[in-house]
Amino acid sequence: MPQRVEYLLIGGFASAYCAAELRKLGADGDILLVGREQDPPYERPPLSKEYLRGEAKREDAYVNPASWYEENGVELRTGTNVMSLDAEARTAKLQGGDEVEFDKALLATGANVNILRVDGANLDRIHYLRAFGNSDNIRADAEKAERVVLVGGSYIGCEVAASLKSKGTDCAIVMMEDVALSRTFGEEAGRWFHDLLTSKGIEIHGGETLAAFEGDDHATAVVTESGKTIEGDMVVVGAGVKPDVMLAQRAGLEIDEENGGIRSDETLQTSVEGIYAAGDVCSYESRVHGRRLRVEHWDVAMQQGQHAAHSMLGEGKPYEVVPYFFSDLADWAGLEYVGPATDWDEVIWRGDRDSGEFAVFYVKDGKVAGALTVESSEELGHARTLLADGVDVAGDKAKALLGDPDSDLAELTSS
Ligand SMILES: Cc1cc2nc3c(=O)[nH]c(=O)nc-3n(C[C@H](O)[C@H](O)[C@H](O)COP(=O)(O)OP(=O)(O)OC[C@H]3O[C@@H](n4cnc5c(N)ncnc54)[C@H](O)[C@@H]3O)c2cc1C
């Protein structure tokens, strides 16, 4: 006999938040949370930060203590793949052969790292970072290494470099962009982080495309298309991720051709009634942005997991939270960001960049499209409101307010 549950939650992090929210909202039906990984659902940000540096325990990253699931009547099956989903019959086949019937389902299957298939890609000591095991292996190899080469100038490459360097290991970043973190923050703001990293002794090779990894048994160098050889005892690659839509695709759910995620509506419901998506895999219609979004942020996965619970219970409200992202570079700079701004006409700085406390507003068509803050969280709430409400900041007075650190941004948000 197949197992029958009201709620089938597939994934890890976002699913755990969905389960907790369902219980908080008083849903008393059976909940089954199935995840491929061995650990109970956990947060990934520590894997490039305090966990990688050996400053936090594995359990610290767990969304809930392992005992929480039983205490709250949530059946947790870890180390179990959901092999297939029949969206019409509302059944799922699990690894091992068990079958589950469900009323509502959440697909929060996350993302997989992009693997760089160049010459030498099979050498030892080439690491990617997504799961606990990856972080464990990087730390173990880094403890023996004198120098690590990071491929990629986005947040994984930069954060891992910062973490390892802060522990005394030399690091070199090789990246296609000229300026670190510029893909998200633009060259001007990216330059601030780029200079911070180099001031801490991290070598950066910008404008370089990876051609090959070199080494005998393990990687000892990265070679670029321009002919540069950057030597190290190991490599960590941070070359972005792809949403894991395999299960959804096989089940016939609509996939967004542009961003690769599971196509969902404003309430996070997919193309099949009663089946929802959340987190890295979710391409949702954002009323706030007036466009489709798929975002790979911790906060978004958490909030969408919770929102999916509300939608499952029939609330039918749109998901309208402005995406938020945080990062630290070995605690050298606490950055926060709301957006996402994909392009902009103007960048307005607020505060003194030399002091290491500032905000940057990205303005597009006279509206705030995104904002970055460094050690300056108070601007973030205002930025969120300016973005969500589409406040007009095209005039000189508004721009002067945005750029003046002594001004009160409430003047813009309350008018
Ligand atoms: C090293 C690292 C650092 C990060 N740092 C930050 C940060 O500082 N700030 C920030 O905002 N974001 C950060 N992120 C991003 C953030 O962690 C993700 O956005 C978040 O984990 C997404 O959650 P999710 O639940 O959508 O997916 P995931 O956390 O990836 O969980 C999805 C789970 O589903 C499982 N799964 C997939 N298919 C199946 C299946 N068929 N059956 C069963 N299980 C399946 C996967 O194995 C996985 O365990 C970081 C990510 C990484 C990797």
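What comes next is a walk through the structure. (Residues numbered from 1 in each chain as written. Predicted model: local features only at pLDDT ≥ 70, side-chain atom pairs only at ≥ 80, totals over all residues. Heavy atoms only, no water.)

It is worth spelling out the pairing of strand β9 (residues 147–151) at this point. As a general feature of sheets, a regular strand has side chains that alternate between the two faces. The buried fraction of β9 amounts to four of the five residues, a majority that puts the element mostly inside the structure. When β9 meets strand β10 (residues 170–174), the two strands line up parallel, connected through five bridges. When the bridges of β10 are listed, Leu-150 appears paired with Ile-173. Note that β9 and strand β15 (residues 234–237) share four bridges and pair parallel. Across the sheet, residue Val-148 finds its bridge partner in β15, namely Met-234. (Buried < 20%, exposed > 50% of the residue type's maximum accessible area, 1.4 Å probe, protein only. Helix = DSSP H or I, 4+ residues; strand = E, 2+ residues; numbered from the N terminus. Pairing = 2+ DSSP bridges.)

With that out of the way, let us pick up the sheet that holds strand β12 (residues 210–215). Strand order in the open sheet made by the three strands is β12-β13-β14, with antiparallel pairing throughout. At either end of the open sheet lies a strand with only one pairing partner, and these are β12 and β14 (229–231). Each neighbouring strand pair of the sheet contributes to a mean axis angle of 25°, computed without reference to strand direction. Examined bridge by bridge, β12 and strand β13 (residues 219–224) share five bridges and lie antiparallel to one another. Residue pairing across strands places Leu-210 opposite Thr-224, the latter belonging to β13. (Axes fitted to C-alpha atoms, helices over the stretch in contact; angles between N-to-C directions.)

Turning to the site of the ligand, a few remarks are in order. For the ligand, the set of nearby residues contains 36 residues, the closest of which are Glu-37, Lys-49, Val-82, Arg-130 and Asp-280. Between the ligand and the protein, one listed contact pairs an oxygen atom with a side-chain N or O atom of Arg-130 at 2.8 Å. One nitrogen or oxygen atom from the main chain of His-297 is found 3.4 Å from an oxygen atom belonging to the ligand. Protein burial of the ligand: of its 1,000 Å² of free accessible surface, 97% is covered by the chains. Residue assignment for the shell around the ligand shows that the elements contributing at least two residues are β1 (3–11), α1 (13–24), α4 (155–166), α7 (298–312) and β21 (324–328). At three residues, the largest contribution of residues to the shell around the ligand is made by α4. (Near = heavy atom within 4 Å. Polar contact = N/O pair within 3.5 Å; in protein donor to acceptor, adjacent residues only side chain to side chain. Areas by Shrake-Rupley, 256 points an atom, 1.4 Å probe, with all protein chains shown as cover.)

A large share of strand β19 (residues 282–286) lies buried, amounting to four of its five residues. Taken together, the two bridges between strand β17 (residues 262–263) and β19 define a ladder with parallel strand orientation. Within β19, the residue paired with Arg-263 across the bridge is Ser-283. Two strands pair when backbone bridges link them, and β19 and strand β20 (residues 291–293) are joined in this way by three bridges, in the antiparallel orientation. Counted as the bridge partner of Glu-285 is Arg-292 from β20.

On to the sheet that holds β19, then. Strands sit in the order β17-β19-β20 across an open sheet of three strands; the sheet is mixed. Since the sheet does not close on itself, it has two edges, and those belong to β17 and β20, each with one partner.

By the secondary structure assignment, Leu-129 is in the loop between β8 (126–128) and α3 (132–144). The buried category is assigned to Leu-129, whose relative accessible area is 8%. C-alpha of Leu-129 to C-alpha of Ile-156: the two residues are 27 residues apart in sequence and 7.9 Å apart in space. Sequence-distant contacts of Leu-129, defined by excluding residues within four places in its chain, comprise Leu-47, Ser-48, Val-113, Asn-134, Ser-135, Ile-138, Ile-156, Val-160 and Val-237. (Contact = heavy atoms within 4.5 Å.)

Time to look at helix α9 (residues 396–403). Because each turn of an α-helix spans 3.6 residues, side chains separated by three or four positions end up pointing in the same direction. Regarding α9, the residues found buried are Ala-398, Leu-401 and Leu-402. On an axial view of α9, the arc spanned by its buried residues comes to 100°, and they lie on one face. Every exposed residue of α9 that faces more than 90 degrees away from the buried side is listed here: Asp-396 and Lys-397. Structurally, α9 contributes buried residues whose contacts are with β23 (346–350), β24 (358–364), β25 (367–374), α8 (378–389) and α10 (410–413). (Arc of directions from axis to C-beta.)

Moving on, we get to the pattern of salt bridges. Tallying each qualifying case throughout the model produces 32 salt bridges. Residues Asp-141 and Lys-144 are paired through a salt bridge, measuring 3.5 Å at the closest nitrogen-oxygen approach. Remark: Lys-144 and Asp-141 occur in helix α3; sequence separation between them is three residues, near one turn of the helix. For Asp-141, a relative accessible area of 16% translates into the label buried. Across the pair Lys-165 and Asp-170 runs a salt bridge whose closest N-O atoms are separated by 2.7 Å. Take Asp-170: its relative accessible area is 36%, and that puts it in the partly exposed class. One network of salt bridges, in which partners are shared, links Glu-254, Asp-256, Arg-263, Glu-285 and Arg-292. (Salt bridge = Lys/Arg side-chain N within 4 Å of Asp/Glu carboxyl O.)

One pass over the structure, following the stated rule, counts 16 aromatic pairs. Residues Phe-185 and Phe-193 carry aromatic rings whose centres are separated by 5.6 Å and whose planes lie at 40° to one another, so their mutual orientation is tilted. Phe-193 matches Phe-185 in its accessibility class, with the two residues each being buried. Feature note: the residues Phe-185, Trp-192, Phe-193, Tyr-337, Trp-344, Trp-349, Phe-358 and Tyr-362 constitute an aromatic cluster, connected by ring pairs. Sitting above the plane of the Phe-132 ring, Arg-58 keeps its charged end 4.3 Å from the centroid. Just above the ring of Trp-349 sits the side chain of Arg-353; from NZ or CZ to the centre is 3.6 Å. (Phe/Tyr/Trp six-rings, centres within 6.5 Å; stacked < 30°, edge-to-face > 60°. Lys NZ or Arg CZ within 6 Å of the ring centre and 35° of its normal.)

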